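Here is how the chains run, residue by residue.
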Amino acid sequence: MSDDLLKTYLFADRTVRVVGLNLEHAWQAAHQHQQYPEGVARLLGELTAAGAMLAANLKFDGSLLLQAQGDGPLSLIVVECRADKTIRAMAKLRENQPLPEHGGVQAWLNPGGQGQLAVILDPSRKQPGQHAWQGLIPLEGDTIAEILEQYMAASEQLDTRVWLEANEHQASGLLLQRLPDHGGALDQASETIEEATDTWDRACHLASTLRPGELLQTDTDTLMHRLFWEESLLAFEPQPVRWHCTCSRDKVLGMLRMLGTEELRDMIAERDGDIDVRCDFCGKPYHLDSVDSAALVRQLEQQPDTSEHGRLH
Ligand SMILES: [Zn+2]
């Protein structure tokens, strides 16, 4: 399977960064074990494309998580993007709630108006006392792009514009970011700053000519040419983006051991000797037949009771 490529460009005066992404394989992998209604696939796909684009320029070893939650039929959507450009994403629906036929973020996630988007930066090797960093904003706006633009503005980050589209087959995005003056490419001459403002305005204007559906129908190279053909863009080495969930049979066994013998026995009794669990994130099923299940219980019985067991009951 070939990789999806994230492509980054700079305007010639190096004041505006452009990121383009069209996820197909990585996004289809999200549906391997999950069936999402169309509206959920759209919102989760948009969040996934956005996460991958925002994580592309993070200069730290860890994960970026975007997590939107509210009181709607869709209770939660999450995407996790790691420094190695692997991603995973998941959505949680509330049981027995009617699904909206139309509508965006407000209808699906936030009918009560109290929903929030969390942006979390989680370093992979934490120093003692170091925690994940989290920013929160209310879900104001009906598209993922609007909410993210508001987040970027509210957190006083770089001026950023985002265009996103997704369906169950593809998740695509375009991101423009106005770069800070590092004192190198730009000096403090007001003329230069005005030129940079012109570049930003021009980039936003060109990107705003995108038509609905165009992001999904067009590969990134064609799209860049169509939007920015009058500009000379500097292209960076494309970066592969891949789907990867960190679940494994070992982790599932570890989780089952934490439940303790009593709960395991109940589980096994309910399932005629077997244990079936699914990964919370990617939905991958893990099956222990009656032999494996019995072996796991025996193993636990032979171990001294741990305090974990006591705490869980
Ligand atoms: Zn998984």
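Bear in mind the structure is a predicted one, so any value in this text is a computation, not a measurement.

S.K.: Please explain helix 7 (residues 220-228) as it appears in this structure.
M.R.: Spacing of three or four residues puts side chains on the same side of an α-helix, whose turn is 3.6 residues. Along helix 7, the residues that are buried comprise Thr220, Leu223, Met224, Leu227 and Phe228. Along the long axis of helix 7, the arc covered by the buried residues comes to 100 degrees, so they all point the same way. The opening residue of helix 7 is Asp219, an N-cap whose side-chain oxygen sits 3.2 Å from the backbone nitrogen of Asp221.

S.K.: Explain a negative patch on the surface here, please?
M.R.: A surface patch of negative charge is lined by Glu194, Glu195, Asp198 and Asp201. Assignment of secondary structure puts Glu194 in helix 5 (residues 190-207). Taking relative accessible area as the criterion, Glu194 reaches 53% and is therefore assigned exposed.

S.K.: Just checking my understanding: could you explain the pattern of salt bridges for this structure?
M.R.: When charged atoms on two side chains of opposite charge get close, those side chains can pair. Scanning all chains against the criterion turns up 12 salt bridges. In this structure, Arg242 engages Asp3 in a salt bridge whose closest nitrogen and oxygen atoms are separated by 3.2 Å. Here Arg242 is found in strand 11 (residues 239-243), whereas its partner Asp3 is found in the segment before strand 1 (4-10), with 239 residues between them in sequence. Here Arg242 falls in the partly exposed class, since its relative accessible area comes to 39%. The exposure class of Asp3 is partly exposed, given its relative accessible area of 36%. Close ionic contact of Asp159 with Arg178 constitutes a salt bridge, the shortest N to O distance being 3.8 Å. Taken together, the residues span a long stretch of sequence, with Asp159 in the loop between helix 4 (144-154) and strand 8 (160-166) and Arg178 in strand 9 (residues 171-178) at a distance of 19 residues. Residue class for Asp159 comes out partly exposed when judged on its relative accessible area of 40%. One network of salt bridges, in which partners are shared, links Glu80, Arg82 and Arg88.

S.K.: What is the right way to read the packing of aromatic side chains from this model?
M.R.: The geometry of an aromatic ring pair comes down to the distance between the two centres and the angle between the two planes. With the rule as written, the count across this model stands at 1 aromatic pair. Both rings, one in Phe11 and one in Phe228, keep their centres 5.6 Å apart while their planes meet at 80 degrees; by these two values the pair is edge-to-face. Here Phe11, found in the loop between strand 1 and strand 2 (16-23), pairs with Phe228, found in helix 7; they are 217 residues apart in sequence, far enough to count as distant. On the basis of relative accessibility, which here comes to 2%, the residue Phe228 falls in the buried class. Stacked on the ring of Phe281, the Lys or Arg Arg88 has its end atom at 3.9 Å from the ring centre.

About the thresholds
Residues numbered from 1 in each chain as written. Predicted model: local features only at pLDDT ≥ 70, side-chain atom pairs only at ≥ 80, totals over all residues. Heavy atoms only, no water. Buried < 20%, exposed > 50% of the residue type's maximum accessible area, 1.4 Å probe, protein only. Helix = DSSP H or I, 4+ residues; strand = E, 2+ residues; numbered from the N terminus. Arc of directions from axis to C-beta. Polar contact = N/O pair within 3.5 Å; in protein donor to acceptor, adjacent residues only side chain to side chain. Patch = residues over 30% accessible without salt bridge, like charges linked within 9 Å, V, L, I, M, F, W, Y side chains within 5 Å. Areas by Shrake-Rupley, 256 points an atom, 1.4 Å probe, with all protein chains shown as cover. Salt bridge = Lys/Arg side-chain N within 4 Å of Asp/Glu carboxyl O. Lys, Arg positive; Asp, Glu negative; His and termini not counted. Charge placed at Lys NZ, Arg CZ, Asp CG, Glu CD. Phe/Tyr/Trp six-rings, centres within 6.5 Å; stacked < 30°, edge-to-face > 60°. Lys NZ or Arg CZ within 6 Å of the ring centre and 35° of its normal.

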